[in-house]
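# A look at the structure
Each chain is listed here by its residues.
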Amino acid sequence: MNLEAYKWEKRLLLLFAPTMNDAELGRQKELVRRSQSGIAERQLEVLELVPGGNAATMREDLLRKFGVEAERYTLLLIGKDGQEKFRTQKAVPLEEVFKIIDQMPMRREEMRKQD
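Not measured: the values here are computed from a predicted model.

### Quick word on the sheet that holds strand β3 (residues 74-78)
Across the sheet, four strands lie side by side as β2-β1-β3-β4; this open sheet has mixed pairing. What marks the edges here is a single partner per strand, and that holds for β2 (44-49) and β4 (84-88). Pairwise comparison of adjacent strand axes, ignoring direction, gives a mean angle of 15 degrees for this sheet. Two strands pair when backbone bridges link them, and β3 and β4 are joined in this way by four bridges, in the antiparallel orientation. Residue leucine 77 lies in a different strand from β4, and its bridge partner there is phenylalanine 86.

### Looking at helix α3 (residues 56-66)
Every buried residue of α3 is listed here: Met58, Arg59, Leu62, Leu63 and Phe66. Around the axis of α3, the buried residues are gathered within 150 degrees of arc, so they sit on the same side. Turned more than 90 degrees off the buried face of α3, the exposed positions are Thr57 and Arg64. Contact partners of the buried residues in α3: β1 (11-16), β2, β3 and β4. Positive phi shows up at glycine 67, right after α3, with a value of about 65 degrees.

### What to know about the packing of aromatic side chains
Note on aromatic pairs: each is described by the distance of the centres and the angle between the planes. Going through the model one piece at a time under the given rule, you end up with zero aromatic pairs. Above the plane of the ring of phenylalanine 98 lies arginine 42, whose end atom (NZ or CZ) is 4.1 Å from the centre.

### Topic: the pattern of salt bridges
Summed over all chains, the structure comprises 16 salt bridges. Close ionic contact of arginine 64 with aspartate 61 constitutes a salt bridge, the shortest N to O distance being 2.9 Å. Within this pair, arginine 64 and its partner aspartate 61 are both found in helix α3, separated by three residues, close to a single helical turn. Assessed through its relative accessible area of 46%, aspartate 61 is described here as partly exposed. Glutamate 84 is the salt-bridge partner of arginine 87, the closest N and O atoms lying 2.8 Å from each other. In this structure arginine 87 comes out as partly exposed when scored by relative accessible area, which is 32%. Ionic contacts of the salt-bridge type, sharing partners, join the residues Arg11, Glu41, Arg42, Lys80, Asp102, Arg107 and Glu110 into one network.

### With respect to unusual backbone geometry
At tryptophan 8, a residue that is not glycine, the phi angle is positive and equals roughly 70 degrees. Looking at where tryptophan 8 falls in the secondary structure, it is placed in the segment before β1. Of note, glutamine 43 is a non-glycine position whose phi angle comes to about 50 degrees, a positive value. Inspection of the secondary structure assignment puts glutamine 43 in the loop between α2 (36-41) and β2.

### Points about the nonpolar core
Across soluble globular proteins, nonpolar side chains show a tendency to be buried alongside one another. Formed by 19 residues in total, the largest nonpolar core has its most connected members in Leu13, Leu44, Leu75, Leu77, Leu94 and Val97. Counting only elements with at least two residues in this core, the list comes to β1, α1 (23-33), β3 and α4 (94-102). The dominant element in this core, judged by the number of residues it contributes, is α4, at four residues. Ranked by size, the runner-up nonpolar core spans 15 residues in total, among them Phe16, Leu49, Ala55 and Leu63.

What counts and what doesn't
- Residues numbered from 1 in each chain as written.
- Predicted model: local features only at pLDDT ≥ 70, side-chain atom pairs only at ≥ 80, totals over all residues.
- Heavy atoms only, no water.
- Pairing = 2+ DSSP bridges.
- Helix = DSSP H or I, 4+ residues; strand = E, 2+ residues; numbered from the N terminus.
- Axes fitted to C-alpha atoms, helices over the stretch in contact; angles between N-to-C directions.
- Buried < 20%, exposed > 50% of the residue type's maximum accessible area, 1.4 Å probe, protein only.
- Arc of directions from axis to C-beta.
- Contact = heavy atoms within 4.5 Å.
- Phe/Tyr/Trp six-rings, centres within 6.5 Å; stacked < 30°, edge-to-face > 60°.
- Lys NZ or Arg CZ within 6 Å of the ring centre and 35° of its normal.
- Salt bridge = Lys/Arg side-chain N within 4 Å of Asp/Glu carboxyl O.
- Core = buried A, V, L, I, M, F, W, Y, C linked by side-chain atoms within 4.5 Å.

So this is what it looks like as structure tokens:
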């Protein structure tokens, strides 16, 4: 799995956590579960980057690339251009992430095309 495969195709929500049982990760997963239509509409792919998870092989590289602390929960929003757009160490409602995405020039163009 390589982030380059998503470039210009999908936005990424990277969820880093030290364990699968991390409390913030659990809260974020529930918020993600409740926001599936908004996630699909914004072409957002959610990747859980935890030791032993399905994306664990790229976790170490991404921890270094983005300067994320391995022992803390961190959410990163990556735009279609591959650049970091938002970072937090707390679970956040997806509406907050959607507001950030909806201000991006590429997303505004997508919304114009949908109308």
